[in-house]
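# Inside the fold
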Amino acid sequence: MEKQKKPQLGTLLKEHNLVTEQQIEFSLREQKATGERLGECLMRLGVLTDTDLSRVLAQQSKHPFIDLRAFTPDQNLLVKVPSRIAKQFSFLPLFEDETTLHIAVADPFSGVAEEQAYRATGKFIKSHVGGESELKKLIERFYFLLENPIEEEISLITGRLRRNSNADVNVEKLVDNLLGSAVSYRVTDVHISASDITTRVMFRVDGVLQLAHVFPKPLHNRLITTLKVRAGMDISEQRKPQDGRLSFEFLGESFDVRISTVRTNFGENMVMRLLASRGSSAFSIRDLGFETDKVRKIEKLFGHPYGMVLVTGPTGSGKTTTLYAALRGQDAIGKNILTVEDPIEYELLMVRQTQVNEKAGYTFSSAIRTFLRQDPDVMLVGEIRDEETAILGIRAALTGHLVLSTLHTNTAIGALARLKDLGISPYLLSTSLVGVMAQRLVRKLCPDCRIEKQYDEHLLKAYDLPADHVYYTAGSCALCKGSGFLGRECVSEILELSDPILRLIAEDAPLGKIRDQAGKEGFTDLMHSARQKVMAGVTSLEELQRVMG
């Protein structure tokens, strides 16, 4: 196969406006101390994401791009390519048709992976470009699962317990298998719930709970006790709610598992949240599914030299992800950027990140006081939870700093009422607030199996959708593991605070009047954004109903 000439990375990235000359120069100086490649250095510093780089390489090499973060390969296909070859030459089988095997590669200019894949399968090879770190992680993870079938081991334990509910099983290993399975399927939360005669393990994937495993009830206390011991929790206390955390390692990747228990009528209910303990790589705004016009608005909001910008929405709506994606657009070389988080979810080495420690008295509010003595330009406060944090954040915004934070409200305009509830006067709001975003996450339809669907005209009318349009709904295939969905995207609304809106806020005008003025200036709400996703075939009307009601 003829190899394409590989372009100079720095030149390529500058041509696509992904890095500046200043960032290149900074990274080259870092290289002298580390010996890294330029791309590795830029990604380590958080200047560039894996996805940014792979999109550019795909475009330059005229290969399709694939987002591997939402991808789960077919195990039957992995069997056809030996793990030794896949690992040595860094490629992952994706899917196949009669004549062609599609593979993921990080370097589309090499040609070596294609040659080895052809030798292994005898099929014509079509390459898709994916992020290098995610590619290596998936190759390691899914070949491990192929050779060490966790699901089969869990099924064998289930069978033994069904025959004898008090059978001696290795609960420690079962816990490791359950957590390993959760990591493999991109699970954010694991629920362990007792019922009358069974214990159910539920996985939350892409925001939706799915039944993963069912065990006989006698295993429940053994499972809960094992996890509580590992988390340093009180195993003798079952009446009161408890919180704890444990560390878990899977294939060299470390995770913090935050645990909460509460007593129910059938026994203790446990919920575990999985977080990468060393911090994940932050996304860029363009990866999150915002419409082009909203990307421009977000960049404008976060480009302000001072003031407060808020991202609102319920738990699990991607607020922190959006904040960090926007933060990546800041000049981290020329600005002092400080964060306080609970916990640190995304890692940016050019940013000074700190973590809440309530036992030591380090809270969101005390962090703001500390930051003001650290010569800050930008402060990210993980969440505004109370009056003290709100007031200190507003004061910081008024004294020439850009303050970024999240707030639990359903709408962007609702944030104004919430801040007033927290003791912020209308005048202070009007002089400090720059803009507010609200967002939700909708699941994206699997592009391989989505199917056309005709909806009832009355239903379409209820959601203000045109009848003469092609709509899609979820199908089922191996690529999406039968769910019909792959990954999630943001639906959003952005309230930019113009002078007329700021005057209304200062006058303590009713929210309805502020909303009317925002509408005159082009403000569109969450439902409008969700409808756009449905009409574009990105998601389904059923998903809109689930998320938006």
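Every value quoted in this text rests on a predicted model; they were computed, and no experiment measured them.

So, on to the sheet that holds strand E3 (residues 124–129). Strand order across the open sheet formed by three strands is E1-E2-E3, with mixed pairing between neighbours. The sheet is open, and its two borders are formed by strand E1 (91–96) and E3, each paired with just one other strand. Geometrically, the sheet is characterised by an average inter-axis angle of 35 degrees between neighbouring strands, direction not taken into account. Across six bridges, strand E2 (residues 100–105) lies against E3 in parallel orientation. Bridging across to E3, Val105 finds its partner in Val129.

Turning to the packing of aromatic side chains, a few remarks are in order. Scanning all chains against the criterion turns up four aromatic pairs. Summarising the aromatic geometry, the rings of Phe248 and Phe250 are spaced 6.3 Å apart at their centres and angled 15 degrees between planes, so their arrangement reads as stacked. Of the residues examined, Phe248 reaches a relative accessible area of 6% and is grouped as buried. Three or more aromatic residues link up through ring pairs in this structure, and these residues are Phe144, Phe248 and Phe250.

Take the side chain of Arg141 next. You can see Arg141 is positioned in helix H8 (residues 132–147). Setting aside chain neighbours within four positions, we find Arg141 in contact with Val183, Ser184, Phe250, Leu251 and Glu253.

Okay, the UniProt feature "domain: Bacterial type II secretion system protein E" (unreviewed entry) in the protein next. UniProt's feature table lists "domain: Bacterial type II secretion system protein E" (unreviewed entry) at residues 372–386, given in the numbering used throughout. This span, residues 372–386, is 0% helix and 27% strand, and a straight line between its end C-alpha atoms measures 19 Å.

Another aspect to go through is the pattern of salt bridges. One pass over the structure, following the stated rule, counts 32 salt bridges. Put simply, Arg37 and Glu132 hold a salt bridge, and the shortest N to O gap is 3.5 Å. A residue pair is termed long-range when its members are at least 10 positions apart, and Arg37 in the loop between helix H2 (21–34) and helix H3 (38–44) and Glu132 in helix H8 qualify at 95 residues. Several salt bridges converge on common partners, so that one network encompasses Arg37, Glu40, Glu132 and Lys136.

It is at 10 Å that the axes of helix H9 (residues 150–163) and helix H10 (residues 171–184) come closest, and there the two elements cross at 140 degrees. Taken together, the axis directions place H9 and H10 in an arrangement best described as oblique. When you trace H9 past H10, the crossing you get is left-handed. The residues of H10 that touch H9, namely those facing Ile150, Glu151, Glu153, Ile154 and Ile157, are Lys173, Leu174, Asn177, Leu178, Gly180 and Ser181.

What follows is about empty space enclosed by the protein. Counted according to the given criterion, the structure contains four cavities of 30 Å³ or more. Tallied by class, the residues present in the lining of the largest cavity amount to nine nonpolar, three polar and one charged. Reported here for the second largest cavity is a volume of approximately 40 Å³. If you trace the second largest cavity, you find it lined by Asn221, Ile224, Thr225, Lys228, Ile235, Gln238 and Glu268. Partitioning the lining of the second largest cavity into residue classes produces two nonpolar, three polar and two charged.

Further remarks concern helix H14 (residues 364–371). The element H14 is extensively covered by neighbouring structure, given that six of its eight residues are classed as buried. Listed as buried for H14 are Phe364, Ser365, Ser366, Ala367, Ile368 and Phe371. In this fold, the buried residues of H14 make contact with strand E12 (337–341), strand E14 (352–355), strand E15 (378–381) and helix H15 (387–398).

Every other side chain in a regular strand lies on the same face of the sheet, so the side chains alternate between the two faces. For E2, the buried fraction is high: six of the six residues fall into the buried class. A two-sided burial pattern is seen for E2, the buried positions comprising Thr100, His102 and Ala104 on one face and Leu101, Ile103 and Val105 on the other. Hairpin connection, E1 to E2: the antiparallel pair is bridged by three residues. In this region the chain leaves E2, passes through helix H7 (residues 112–121) and returns to the parallel neighbour E3; the handedness of that crossover is right-handed.

Ranked by size, the top nonpolar core spans 65 residues in total, and within it Leu92, Val190, Ile192 and Met272 carry the most contacts. The element best represented in this core is H10, accounting for seven residues. Residue contacts for Met272: discarding those within four places in its chain leaves Leu179, Thr188, Asp189, Val190, Ile192, Leu227, Val257, Arg258 and Ile259. Grouped together as the second largest cluster of nonpolar side chains are 54 residues, Leu310, Val340, Phe371 and Ala396 included.

This paragraph deals with the sheet that holds strand E9 (residues 267–276). Overall, antiparallel pairing links the six strands, which are arranged E6-E5-E4-E9-E8-E7 in an open sheet. Looking at which strands have only one partner, the edges of the open sheet turn out to be strand E6 (208–216) and strand E7 (242–250). In this sheet, neighbouring strand axes are inclined to one another by 20 degrees on average, regardless of whether the strands run parallel or antiparallel. Summarising the sheet, strand E4 (residues 189–194) and strand E5 (residues 198–205) pair through six bridges and their orientation is antiparallel. By the bridge assignment, Asp189 is partnered in E5 with Arg204.

The next point concerns the environment of Phe26. Looking at the element boundaries, Phe26 is found in helix H2. Each C-alpha atom, one on Phe26 and one on Asp377, is 19 Å from the other, the two residues being 351 residues apart in sequence. In contact with Phe26, not counting residues within four places along its chain, are Leu45, Ile333 and Met350.

With six of six residues buried, strand E16 (residues 402–407) lies mostly within the body of the structure. Looking at chain direction, strand E11 (residues 307–312) and E16 are connected through six bridges and run parallel. The partner of Leu310 across the bridge, within E16, is Ser405. A crossover connection joins E15 to the parallel E16 through H15; in handedness this β-α-β unit is right-handed.

Cut-off values and rules
- Residue indices follow the written sequence of each chain, beginning from 1 at its first position.
- Confidence filtering applies because this is a predicted model: local features only for residues at pLDDT of at least 70, side-chain atom pairs given and counted only at 80 or more, and all residues used for totals across whole chains, interfaces and linings.
- Working from all heavy atoms in the structure, the side-chain values ignore hydrogens and water.
- Note on pairing: DSSP must find at least two bridges between two strands before they are called paired.
- Every helix listed is a DSSP run of H or I at least four residues long, and every strand listed is a run of E at least two residues long, numbered separately from the N terminus.
- Note on method: axes are straight lines fitted to C-alpha atoms, helices fitted across the in-contact stretch only, with angles between N-to-C directions ranging 0 to 180 degrees.
- Pairing of aromatic side chains here covers Phe, Tyr and the six-membered ring of Trp, requires ring centres within 6.5 Å, and sorts the geometry by plane angle: under 30 degrees stacked, over 60 edge-to-face, intermediate tilted.
- Relative accessible area decides the class of each residue, using a 1.4 Å probe on protein chains only: under 20% of the type maximum gives buried, over 50% gives exposed, and in between gives partly exposed.
- When checking whether two residues touch, look at their non-hydrogen atoms; a contact exists if any pair is within 4.5 Å.
- UniProt positions are given in the numbering used here, feature names are shortened, and annotations may be inferred rather than shown by experiment.
- A pairing counts as a salt bridge when a side-chain nitrogen of Lys or Arg comes within 4 Å of a carboxyl oxygen of Asp or Glu.
- Geometric relationships in this document are graded by angle, where less than 35 degrees denotes roughly parallel, more than 145 denotes roughly antiparallel, 65 to 115 denotes roughly perpendicular, and other angles denote oblique.
- Crossing handedness is read from the near helix: turned anticlockwise from the far helix by less than a right angle, it gives a left-handed crossing, and turned clockwise, a right-handed one.
- Method remark: on a 1 Å grid restricted to protein atoms, a set of points is classed as a cavity if a 1.4 Å probe fits but cannot get out and as a pocket if it is open with protein on both sides within 12 Å along at least five of seven lines; lining residues have an atom within 4 Å of a point.
- Grid points are joined across faces, edges and corners, and a volume is the space filled by probe spheres set on the points.
- In the scheme used here, Gly and all other residues not listed as nonpolar or charged are polar, with Ala, Val, Leu, Ile, Met, Phe, Trp, Tyr, Cys and Pro taken as nonpolar and Asp, Glu, Lys and Arg as charged.
- Look down the strands so they point away from you; if the path from the first strand over the helix to the second goes clockwise, the crossover is right-handed.
- Only buried residues count toward a nonpolar core. Its members are Ala, Val, Leu, Ile, Met, Phe, Trp, Tyr and Cys residues joined through side-chain atoms within 4.5 Å.

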